[in-house]
Each structure stands twice: as structure tokens, then as C-alpha cells.
Number of protein chains: 2
Amino acid sequence: MSTTQQVPTLSAEEISIHPPKRLLFGPGPTQVHPRVYQAMAQPIVGHLDPYFFEISHDNQRMLRHVFGTQNECTFVVSATGSGGMETAITNLVEPGTKVAVFANGYFCDRMTDMAKRNGAEVVRFEKPWGEAFTDVEAAEFIHREKPKVVMYVAAETSTGVFQRGDAICAAAHEVGALVIADCVTSLGAMPVNVDKTGIDIAYSCTQKGLSCPPGLSPITVSPRALEWLNARKTPVRSWYFDIKLISDYLYVSKRYHHTASATMFYGLHEALTLIDEEGVAHRWERHRQAHRDFVKGAEAMGLKMLVPEELRIWNLNTPLVPEGVDDAKVRLALVRDHGIEIAGGFGPLAGKVFRIGIMGPLATRDHVEDFLAKFGEALHSAGYNG
Amino acid sequence: MSTTQQVPTLSAEEISIHPPKRLLFGPGPTQVHPRVYQAMAQPIVGHLDPYFFEISHDNQRMLRHVFGTQNECTFVVSATGSGGMETAITNLVEPGTKVAVFANGYFCDRMTDMAKRNGAEVVRFEKPWGEAFTDVEAAEFIHREKPKVVMYVAAETSTGVFQRGDAICAAAHEVGALVIADCVTSLGAMPVNVDKTGIDIAYSCTQKGLSCPPGLSPITVSPRALEWLNARKTPVRSWYFDIKLISDYLYVSKRYHHTASATMFYGLHEALTLIDEEGVAHRWERHRQAHRDFVKGAEAMGLKMLVPEELRIWNLNTPLVPEGVDDAKVRLALVRDHGIEIAGGFGPLAGKVFRIGIMGPLATRDHVEDFLAKFGEALHSAGYNG
């Protein structure tokens, strides 16, 4: 009794939503494929309907593929990416747990904040925004501090830096610690390799590399982390983000926990199906190529990148704002003249970098060339002479 | 530059979502109006886009109207209704806070669980599922216990009982306590009257009386509760659900907190616009009438209601399962033969009641009559002779 329905063809005047035209070249949310919107407009079923669990099960399977993991415990949290971060932290941290944070950007600070709210004793290895940690110094830090939980941001959205995780995970496991990795910006756009890297909990969002609207947070949990959860002495401080309760609902007993959104699950299903059809390796390569095209074009305009070549996230570029140029004027011109959204830097990088996301449907040579032409125009209108 | 777009007319075969046809007569999610789906299929904008804040601002305004409040601090949490419950509790409860719970159903137990995870000292006034608390006994309990926070469920989805809040709120304020009321099932379908009742934090969901897909939790916070938050000695245990951080993002400084979902905000906007167009008083009356029609029809079939007339929720009916009838067979027949979803009882009411939601687009005489005919058929096919 399958009855996929055409969205009723109501005229634009009949609804209250009239968004301005946008091309989303910011750090996220990113452009969404029309098929994803169409999927989200399909009639909902209940949160305990067999069809809901079928879609949820498919999502788990496709997410494992994109995460690069065999973890059975792979699902989506009914909250945005920051809800995934809180899920990871609130489940692994008990009062007094020693947590080591690799701190080189905005989201490491958010992790620190959340860990402290959960009663952690936090030690931080600090680096300036825009730098990464070498394998040797990462391992030394962990061996010296001997934490119980290690946290790092694999793809730091505030700086454009990709942090390798292999040495972090190896050292953490040597001292008996578990590793949480923030993959909010990388998942779906570049390899995350959860199992190969040795990450114990990785979480992400739907609105960046997966090219879906925001609203859910994919997460994957290693068997080692599940053992740890079973051995916790105190209850997880959050009921909503309790991994054991959520996974019991979504794929163990299928007993009610919360009312997950069929609409959001449909959208993610379509976005993951698009990735499956393209082939995940092909998709990653497409993002890498679009990134290279962007850098080449930006450098040809005389721009410099904040992050050294080997540390760059493929789908989030951070060119430096040229001397004497007001980045806000450039961003304003882009959105005013072309409906193009990009982001500026913040914190120590305020006014110093642009943050330009090239992902999902926009990660093609044509889109990059078109963007570069308009970006150049906007830079010149703001006084750039390069 | 407004460019509301028609959803591209992809054929059904081009997407991966093919839901079975369902008429949602359960306790939620409920049926969604086509205009809401159409709104959710509009292209997203960023979570810091002026258009996003415009929609968010409209939602705040329309939610105040439906909640019956002047509270400036009225917004939506980026999580389902249970996330709203956790938001209310984690913000008001500190370790050692004495919390009084009116416990007469499933969701009071969930509140208790969350309060304990936040370190509360919980005292409970217990009643069998299906009963309500009188004004006198409610006030006595609060005066005797002198808690700091009082929690009750205004419309208990597990039983169909509506709990009056006036005496609870008056007594709570007399002892200097704040009141949290769960309005998950009532908002949009019957009056909630936050200000008149004296509720300090009321939260709800989108997928019941508001007739939207699930995914967000509307919440409203009194100035008294905000003062309390400002005077907290310990940080709120949840970063994601921290009311001060979320409200700062959504309507104070508009600085980034999390990436709220334009899609979900669009859907809620359309659902609230539909309520505005109908007129909230008319909508409530429509639900009351549909409820009366249902009860009249059910009683004509020989069924009895669990809850006395004056304590019934208008949009969630709990007729008793007749002697000798297996409720699972009835539910199965409805979904198999007609795609109609209703729910059974659980906990102490497992096998004893049906839970039948009549809300949103389905709260009309025609839909109720059609439902009753099919419900009667299913009951008889399961051996009912009434």
C-alpha cells in the first residue's frame, strides 16, 4: 500500500513562506537537493510505524557507510549537530572524569563548556586558531595527562583546519581513554574513517556534507564506548540525550522514547540515497576537486589561505581577508547582488578570514567558477586591488 | 526579492520515500495540512539570515497567542516535546532543589526521572492513572512540602486526563515555588492559559494540537522564572537546552548558538498561520465539538470512557476496551483495512484503553463519523457484541 504523493500544487500566494533566493556558500546550512525537499513533503507516519523504523534502519545502514564504521550503534539524535556533541559528552563524562581537549578553535571551547557542565575535570592543549596538532605532541599530551576521555574536532568550522585523529586515538587507547571526535563539518564531504582512525564516538549534523536541512545529528558509538556506558556509576545527566534510551527506541526494543520526526528522517534518507547513488568515494573526490578549483582561483586573484595546504578541510575554505578590505562589505555585496551567503571569521579570526563552504550540490567546477567571479567582483567593490 | 518556489514536480519514482497511507488518529503525531508540507519544502535560508529571524519572530508572536501569555521569553527549542520537558527541568532544577511532582500518569514519571538526573530531591503526590488532583488536595500537598519547583502535566497523553492548574500555581507561588506545566497534548487544541493559570514554564510539541510534523518544542518562560535563572548558583547542566543561551540566539543578540532548522521553523509558521486564520477560539471550539461527537458516538456503541466528563482532554479520548476484546486486534484491523492509526494504553492501562486523538484537520464531524464507523467495524471484527 505504497502511496507516495505529489506535493499538492498550491500557488505561492497560498502559503506564508516566501524565502529570499539564496545560494548557500557558507559553512552550513548548505544547498539542498530538490529531491530532499520532495521527500520531506511526503506525508508523515507515526514514530512507531513499521515504515518509520524501515526508514530509520536504512539511515543507520547508509550512515555507517559514510562514517566508515561497522558500529551497530549508529543512529540519529533528534537535535542539531550541537545536540550530537552534547550526547557524546554527557554520556561519557561523569562528575570528576578527567577530560583532555585539543583546543584550537571555537568548537573545542564548546566541548570544554559542555564537559564542565557535566562535572568534568578538563585539561586543555591550546594552539592558536588555524593551527593543528602534530602526532608527536598529541601523543605526548595524552601520555602525560592520562585522561579518561579525549576530545578533538576533526574538522573545525571556525578555522578550516582538518585534524588527523590516528595518533590521538592510538595514544588515548594506550592510556585506557575513549575518544570523541567532532565530525560536524566533514561527514559526507570527506572521509571520516571512524573505525580506521579509532574514534569511539563521532557525531555530525545533516546540513553540511550531507546536504540536508538542519535538525538531526548522526552519531556512531564504538562497542568499547558502549561497555563504558554500561559500567557508568552515575546516571547520564540528560534523559533526552541518553544513548542507551535512544538506541533502545530506534533499533533495539523499538519502544517509545521520544517522538522522532518522520519528516526529518525522510529528508536524511533521501540525502543519503543521493550519496549512495553517486558513490561515497566519488562524492569525496568531487569535494576535493571543487576545493582545489576554489583555492586555485582564489590564489589567482591574489588571495592567501589561512590554513596550510595539507591541513585544509575540503569543503570549508578560509581565505584571508586582504589588507584594507572590510569583510562585512564583501559579504553584504554578495548577498545583496547575488543572494550568495558566505560567512566571516569570529573570535580571534573576526575580520581576518572569509569562511566559504563548497559542498553538496554546489561542489562542481561550474558553481565554483561562478562563485569566484562574483566573489572577485564583491572584493573589488570593497576596495580590493589584487 | 521574494521567490517562493513551487516544489519541483518530480515523479514518485524519483525519490526514495513511499510512505503507506495513514490517517493519524493516535495521540500524535497527527494529520498535517498540505500547506504545512508545502511550506517545509521551500528552500532553506541560513540560521542567521534576516529572513530566518523574521519567521522565528512571527512564530514567537503567534505562539504567545496560542499559549495565552504575554511572556517575551517564548520560543521554540530545536528538539521534540521531550526536549522541551528537559529544557524546563534542567533550567529550574539545581542539585538539591526540592521538586514536587503531581504523579498520575506516564509523563509525570518522565519528569521525575529528569528532575533526579538534575540532582533534585523529588517528592511525589501519587494518584492512579486516569485520576486528577482536586484544588484542595493539590494546595495542601504544596503547603505541606514547601518545594522550590512544582511540576504537573496539564494534559496527560497516557490517560486522557486534563489537570486544572489554577490551585497548583496559586499554592506554589504562596510558598515561593515556580511551576512547570506539560502542555504537550493541549497546545493548539484547547486553552492553555499560561498567564491566567500562573504557569512559570509551559512547553509543548509541534505534532499534536499544532498539527505540524514533530521536531520542535514551543516553550514559554515567565519573568519570575527568568529572575530565578539569573540567580542560579550553578550552571545549567545542559548547554543545548540552556534557556538563556537559546533566547540570546533567537531574539536577544541573535548571535549563533546552534543551527536551528529553517525547514522546521517554516512548517511551524504555516501551522500557526492556519490557526491564526481560523481563529484560536474557533479552533478550540472545533476540537471540543469533535470530542463531544466522538464521545456521543462511542457511547452509542456501548463504550465507556476512562475519564469522567469534566476531566477529559478534548483532543485525546480514552474509551475503555470492552470486556473480552483484544485491543491489539482492533488496532491491527484499523491500520490494515483503513490505514488508520490509533494507540493502545500502556503501563497500568495496557490493554484497558484505546487512545484516540482527534485533532487538527481531523477534528470535524465528517472525520469523526467516518472514524466511528470504521472503529465500530474493527471492534466487531475483534469479537465485540455491543
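Small disclaimer: the values here were computed from a predicted structure and weren't measured.

For chain A, the helix and strand inventory stands at 13 helices and 14 strands. Against the globule reference of 21 Å for 386 residues, chain A gives a C-alpha radius of gyration of 21 Å, in line with a compact fold. For chain A, the spread of C-alpha atoms along the three principal axes comes to 60 × 60 × 35 Å. For chain A, the residues scored as buried account for 59% of the 386 residues in total. Taking contacts inside chain A between residues at least 6 apart in sequence as the whole, the part at least 24 apart equals 72%.

Turning to the domain arrangement of chain A, a few remarks are in order. Residue and element names in this part refer to chain A. According to the domain assignment, chain A consists of domain 1 (34–275) and domain 2 (280–381). A separation of 27 Å is found between the C-alpha centroids of domain 1 and domain 2. At the junction of the two partners, domain 1 supplies 22 residues and domain 2 supplies 21 residues. Secondary-structure elements contributing two or more residues to the side of domain 1 that touches domain 2 are helix H2 (50–67) and strand S7 (161–162). Here the residues of the side of domain 1 that touches domain 2 are counted per class, giving 11 nonpolar, 10 polar and one charged.

This part takes up the packing of helix H11 (residues 280–300) of chain A against helix H13 (residues 365–381) of chain A. Residue and element names in this part refer to chain A. Orientation of H11 relative to H13, taken along the N-to-C sense of each, is 25°, at an axis distance of 9 Å. In terms of their interaxial angle, H11 and H13 are classed as roughly parallel. The chirality of how H11 crosses H13 is right-handed. Judged by residue contacts, Ala290, Asp293, Phe294 and Gly297 of H11 engage Arg365, Val368 and Leu372 from H13. The class makeup of the residues in the contact of H11 with H13 is four nonpolar, one polar and two charged.

Turning our attention to the pairing of strand S3 (residues 98–103) of chain A. All names here are of chain A. Taking burial as the measure, the six residues of S3 include five buried ones, the bulk of the element. Both S3 and strand S4 (residues 121–126) contribute to a ladder of six bridges, which runs parallel. Paired with Val99 across the two strands is Val122, which belongs to S4. Following the chain from S3 across helix H4 (residues 106–117) to the adjacent parallel S4, one finds a crossover that is right-handed. Bridge count for S3 against strand S5 (residues 149–153) is three bridges, and the pairing is parallel. Counted as the bridge partner of Val99 is Val149 from S5.

All names here are of chain A. A cis amide bond links Gly28 to the next residue, Pro29, at an omega of 0°. Position of Pro29 relative to the elements: it lies in the loop between strand S1 (23–24) and helix H1 (34–40). Despite not being glycine, Ser211 has its phi angle at roughly 60°, a positive value. In this structure, Ser211 sits in the loop between strand S9 (201–203) and strand S10 (217–221).

When the terminal C-alpha atoms of helix H10 (residues 262–278) of chain B are compared, their 24 Å separation across 17 residues agrees well with the 24 Å that a helix rising 1.5 Å per residue should span. Looking at the residues trailing H10 of chain B, positive phi occurs at Gly279 of chain B, about 95°.

The next subject is the relation of the copies chain A and chain B. Between chain A and chain B, the superposition needs a rotation of 180° and an axial shift of 0.0 Å, giving an RMSD of 0.0 Å. Such values leave the two copies arranged in the relation of a two-fold axis. Taking the C-alpha atom as reference, chain A places Ala79 of chain A closest to the rotation axis, 2.6 Å from it. Of the interface residues in chain A, 100% have counterparts in chain B that sit at the interface too, so the contact is made through matching surfaces.

What follows covers the nonpolar core. Counting residues in hydrophobic clusters, the biggest one holds 262 residues, and the most contacted among them are Val150, Val179 and Ile201 of chain A together with Val150, Val179 and Ile201 of chain B. Ignoring sequence-local partners within four residues, the contact set of Ile201 of chain A consists of Ala88, Leu92, Ile180, Ile219, Val221 and Ala225 of chain A.

Further remarks concern the pairing of strand S8 (residues 178–182) of chain B. All names here are of chain B. Among the five residues that make up S8, five are buried, leaving the element largely enclosed by the rest of the structure. Of the two faces of S8, the one carrying Leu178, Ile180 and Asp182 and the one carrying Val179 and Ala181 are both buried. Sheet topology places strand S5 (residues 149–153) next to S8; five bridges connect them, and they run parallel. Following the sheet pairing, Val153 is matched in S8 by Asp182. Pairing of S8 with strand S9 (residues 201–203) involves three bridges; the strand directions are parallel.

Contacts between chain A and chain B engage 72 residues on the former and 72 residues on the latter. Of all the elements in the fold, those that place two or more residues in the side of chain A that touches chain B are H1, helix H3 (81–92), H4 and helix H10 (262–278) of chain A. With seven residues, H10 of chain A is the single largest residue contributor to the side of chain A that touches chain B. Taken together, the residues of the side of chain A that touches chain B break down into 33 nonpolar, 29 polar and 10 charged.

The next point concerns the sheet that holds S4 of chain A. Residues and elements named next belong to chain A. Spatially, the seven strands line up as an open sheet ordered S2-S10-S9-S8-S5-S3-S4, and their pairing is mixed. Of all strands in the sheet, those bounded by a partner on one side alone are strand S2 (74–77) and S4. Each strand axis lies, on average, 20° off the axis of its neighbour in the sheet, ignoring direction. Packing of helix H6 (residues 166–174) onto the sheet brings it into contact with S5 and strand S8 (178–182), and relative to S8 it is tilted by some 155°.

The next point concerns the packing of H2 of chain A against H10 of chain A. Residue and element names in this part refer to chain A. Where H2 contacts H10, the two axes come as close as 9 Å, and the packing angle between them is 40°. The orientation of H2 with respect to H10, classified from their angle, is oblique. As for the relative orientation of H2 and H10, their crossing is left-handed in sense. Contact with H2, carried on its side by Phe52, Ile55, Ser56, Asp58, Asn59, Met62, Leu63 and Val66, involves Ala262, Phe265, Tyr266, Leu268, His269, Leu272, Ile275 and Asp276 of H10 and no other residues of that element. Residue classes in the contact of H2 with H10 are distributed as 11 nonpolar, three polar and two charged.

Residues and elements named next belong to chain B. Pairing is mixed across the open sheet formed by seven strands, whose spatial order is S2-S10-S9-S8-S5-S3-S4. Looking along the sheet, the strands with just one partner apiece sit at the ends: strand S2 (74–77) and strand S4 (121–126). Direction aside, neighbouring strands of the sheet carry axes that sit 20° apart on average. In the packing of helix H2 (residues 50–67) onto the sheet, the strands contacted are S2, S9 and strand S10 (217–221), and the crossing angle to S2 comes to about 105°.

Next up on the list: the confidence of the model for chain A. All names here are of chain A. Counting all residues, the mean pLDDT for chain A is 96, and 97% of those residues have values of 70 or more. Every residue in residues 1–8 is under pLDDT 50, and counting partners more than four places away or in other chains gives 22 contacts. Prediction confidence for the complex, expressed as pTM and ipTM, is 0.96 and 0.96 respectively.

Bringing helix H9 (residues 243–252) of chain B into the picture now. Because an α-helix completes one turn every 3.6 residues, residues spaced three or four positions apart along the sequence face the same direction. Residue and element names in this part refer to chain B. Turning to H9, its buried residues are Ile243, Ile246, Ser247, Tyr249 and Leu250. Along H9, the residues classed as buried sweep out an arc of 160° about the axis, all on the same side. On its buried side, H9 packs onto H2, S2, helix H3 (81–92), S10 and helix H8 (223–230). Note on H9: the residue one or two positions beyond its end, Lys254, has a positive phi of about 60°.

Calculation criteria
Once a new chain begins, its residue numbering starts again from 1 and follows that chain's sequence as written. Here the convention is simple: chains get letters from A, ligands get numbers from 1, in the order in which they are written. Only residues with pLDDT of at least 70 get local features here, since the model is predicted, and only at 80 or more are side-chain atom pairs given and counted; chain-wide, interface and lining totals rely on the full set of residues. Under the DSSP-based scheme used, a helix requires at least four consecutive residues in state H or I and a strand at least two consecutive residues in state E, with every element numbered from the N terminus. Radius of gyration here is computed from C-alpha atoms only, and the compact-globule reference equals 2.2 Å multiplied by the residue count raised to the power 0.38. Partly exposed residues are those falling between the two cut-offs: more than 12 but fewer than 20 other C-beta atoms within 10 Å of their own, whereas 20 or more means buried and 12 or fewer means exposed, with C-beta atoms placed from the backbone. The contact criterion used is a C-beta to C-beta distance within 7 Å, with each C-beta placed from the backbone. Annotation comment: domain bounds sourced from an automatic or database domain assignment. Polar here means any residue other than Ala, Val, Leu, Ile, Met, Phe, Trp, Tyr, Cys and Pro, which are nonpolar, and Asp, Glu, Lys and Arg, which are charged; Gly is therefore polar. In this description, a line fitted to the C-alpha atoms serves as the axis of each element, helices being fitted only across the stretch in contact, and the angle between N-to-C directions of two axes falls anywhere from 0 to 180 degrees. These descriptions rest on fixed angle ranges, namely under 35 degrees for roughly parallel, over 145 for roughly antiparallel, 65 to 115 for roughly perpendicular, and the rest for oblique. Handedness of a crossing is defined here by the sense of rotation of the near helix relative to the far one, left-handed for an anticlockwise turn of less than a right angle and right-handed for a clockwise turn. Strands qualify as paired when DSSP identifies two bridges or more between them. With the strands pointing away from the viewer, any crossover whose connection runs clockwise from the first strand over the helix to the second is right-handed. For a helix, the expected span equals 1.5 Å multiplied by the number of residues minus one. Our superposition of the copies is a least-squares fit, built on the C-alpha atoms of residues whose pLDDT is at least 70 in both. We define the nonpolar core as any set of buried residues of the types Ala, Val, Leu, Ile, Met, Phe, Trp, Tyr and Cys, connected via C-beta atoms lying within 7 Å of each other. The predictor reports its confidence for every residue as pLDDT, a score running from 0 up to 100. This arc describes the spread of directions from the helix axis toward the C-beta atoms.

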